Amino acid sequence: MKKGQDYSPLRDENISPKGTLHGRSYTYADVMALSREREESLKGFEDHYGSLVDYILRITYRIWEDKNVGLIYQYYAENIDLYTPLGCIDSAQTVVEDTVRTLQAFPNRQLYSLNVISAGNDNDGYLSSHLIRSVMTNTGDSLFGKATGQTIDVLTIADCLCQNNQIIREWLVRDNGDYIRQLGFDIEDIATQLAQADLQVNRTAWFEDETQARVKQKKRIPHVQGRPENEAHVEEVVQAMFHDVWQAQHFGMVDDYYFFNVQVHGLGGRSLCGTPNLQQFLAKLHATFSHADFQIHHVQSLDSDAGENEKFVHVRWSVCGSHASCGLLGAGTGCPLYMMGISHFRLVRGRIAEEWTLFDELSLWKQVKLAQLKTQNMEVKSQ
């Protein structure tokens, strides 16, 4: 590959194709490298990518920082299924258009990759979970309103299923609650506007059928599973935590799985410190749902470059239930609610020391506002 063919600009100094590129530890020279030695099979991928982590970090940089948005046509499948809590995208063309709109609203957007947790093989595909921190200034009009001039700092997690040098499916969760509040907008007002737009065109959410089915299922309170004895099996530890704390709602068991001084990021901008504060938030979050059904959709782990005592775990999950009172979303409406979430955990000696959990609070408010608008319309028609 000729110098400058795919990268702009290029810097030659300190660029080495050798050595392991970790999802959590990388330099500017790493993402600017012309090529890296192959560390994974990656059948069908371009030769200059050494691993899935390398692929994800470098195509992200090339598309966003270098602003080569047209590369999306190369690296995204033409008929990609991209799922977000606010809607589903079904083409690379729409991804391009959305990316251009975002760059118009935030032309100085800088993406900092906090971690990439990856796994997979040539037959099933490779799945990466990319935790991103975006710092950007709103100088152009956006989906949510006129430019505010605010500089914001928000978290996003993108789960990408990749095969043959392309992203063929993606699940994307941005902390839109934090995003909206930092811009200075009222989250209920924005949710109402989005709900009205959906109602006008009779748009149906991609998760609506699943939500209805899961809400109608008869639920039972699961038994407590308890912490696995082998702390080295970190995926099992995190799955047991979700079972005991999220499903069985034994919030007091947070201390069985977390360090007392745990740091938790995300949660609609509600970064927390310590297990007592985490317990309080989880109780409030779960009070938002009645007859809740919690499911884990994917889990994978990654060894840390810091040593064998530290590991990372990724979990994609969802909660379905009916909107109840006294939680995050005000007075209950009884409408079906779907919450899609993605979490990254940093475990030290088998216990959670740090967590990033993202869900889209704006999507939840939009579902509530849509139900309220439909009820109002029915009342008007019945008069």
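Residues numbered from 1 in each chain as written. Predicted model: local features only at pLDDT ≥ 70, side-chain atom pairs only at ≥ 80, totals over all residues. Heavy atoms only, no water.

Draft legend 1. Broad picture of the sheet that holds strand β2 (residues 87-89). Across the sheet, six strands lie side by side as β2-β1-β6-β5-β4-β3; this open sheet has mixed pairing. Strands at the two margins of the open sheet, each flanked by one partner only, are β2 and β3 (110-121). Going from strand to strand, the sheet's axes swing by 15 degrees on average, the running direction of each strand aside. Pairing geometry for strand β5 (residues 151-163) and strand β6 (residues 166-174), over eight bridges, is antiparallel. Bridge pairing in β6 places A158 opposite L172. Seen against the sheet, helix α2 (residues 52-65) touches β3, β4 (125-137), β5 and β6 and runs at an angle of roughly 145 degrees to β3. (Pairing = 2+ DSSP bridges. Helix = DSSP H or I, 4+ residues; strand = E, 2+ residues; numbered from the N terminus. Axes fitted to C-alpha atoms, helices over the stretch in contact; angles between N-to-C directions. Contact = heavy atoms within 4.5 Å.)

Draft legend 2. Focus on the layout of surface pockets. The space that makes up the second largest pocket amounts to roughly 400 Å³. Lining the second largest pocket are 18 residues; nearest its centre among them are R220, P222, Q247, Q249 and A292. Within the residue set of the lining of the second largest pocket, elements represented by two or more residues are α8 (234-247), α10 (275-287) and β9 (289-303). Of all the elements, β9 adds the most residues to the lining of the second largest pocket, at five residues. Looking at side-chain class alone, the lining of the second largest pocket contains ten nonpolar, four polar and four charged residues. (1 Å grid on protein atoms, 1.4 Å probe; cavity = no way out; pocket = protein on both sides within 12 Å on 5 of 7 lines; lining within 4 Å. Points joined across faces, edges and corners; volume = space filled by probe spheres on them. Nonpolar A, V, L, I, M, F, W, Y, C, P; charged D, E, K, R; others polar.)

Draft legend 3. Helix α7 (residues 208-216), seen in detail. Looking only at α7, the buried set comprises T211, R214 and V215. Mapping the buried residues of α7 onto a view down its axis gives an arc of 100 degrees, with all of them on the same face. Exposed side chains of α7 directed beyond 90 degrees from the buried face belong to D209 and K216. Along its buried surface, α7 packs onto β9, β10 (310-323) and β11 (336-348). (Buried < 20%, exposed > 50% of the residue type's maximum accessible area, 1.4 Å probe, protein only. Arc of directions from axis to C-beta.)

Draft legend 4. Highlighting the side chain of S129. If you trace the backbone, S129 turns up in strand β4. Of the polar contacts made by the side chain of S129, one reaches the side chain of D159; its length is 2.6 Å. A polar side-chain atom of S129 sits 3.4 Å from a polar atom in the side chain of H314. S129 has contacts with N115, V116, I117, I157, A158, D159, Q300, H314, I342 and H344, leaving out every residue within four places of it along the chain. (Polar contact = N/O pair within 3.5 Å; in protein donor to acceptor, adjacent residues only side chain to side chain.)

Draft legend 5. Geometry of the packing of aromatic side chains. Tallied over the full model, the rule gives 20 aromatic pairs. With a centroid separation of 5.9 Å and 65 degrees between ring planes, the pair formed by F106 and Y179 is classed as edge-to-face. With a gap of 73 residues between them, F106 in the loop between α4 (92-105) and β3 and Y179 in helix α5 (residues 176-183) connect regions that are remote in the sequence. With a relative accessible area of 3%, Y179 lands in the buried category. Here the aromatic rings of W246 and F294 are separated by 5.7 Å at their centres, their planes lie at 35 degrees, and the arrangement is tilted. Pair noted here: W246 is in helix α8 and F294 is in strand β9, with a separation of 48 residues, a long-range link. Joined through ring pairs, the aromatic side chains of F45, Y49, Y55, Y75 and Y126 make up one cluster. (Phe/Tyr/Trp six-rings, centres within 6.5 Å; stacked < 30°, edge-to-face > 60°.)

Draft legend 6. Highlighting the nonpolar core. With 54 residues, the main nonpolar core has Y179, M241, F242, W246, Y258 and F345 as its most contacted residues. Take this core: its biggest share by element is eight residues, from α8. With residues near it in sequence (within four places) discarded, Y179 still touches F106, M136, F144, I152, V154 and R174. Among the nonpolar cores identified, the runner-up in size contains 35 residues, and I63, I80, L111 and V116 belong to it. (Core = buried A, V, L, I, M, F, W, Y, C linked by side-chain atoms within 4.5 Å.)

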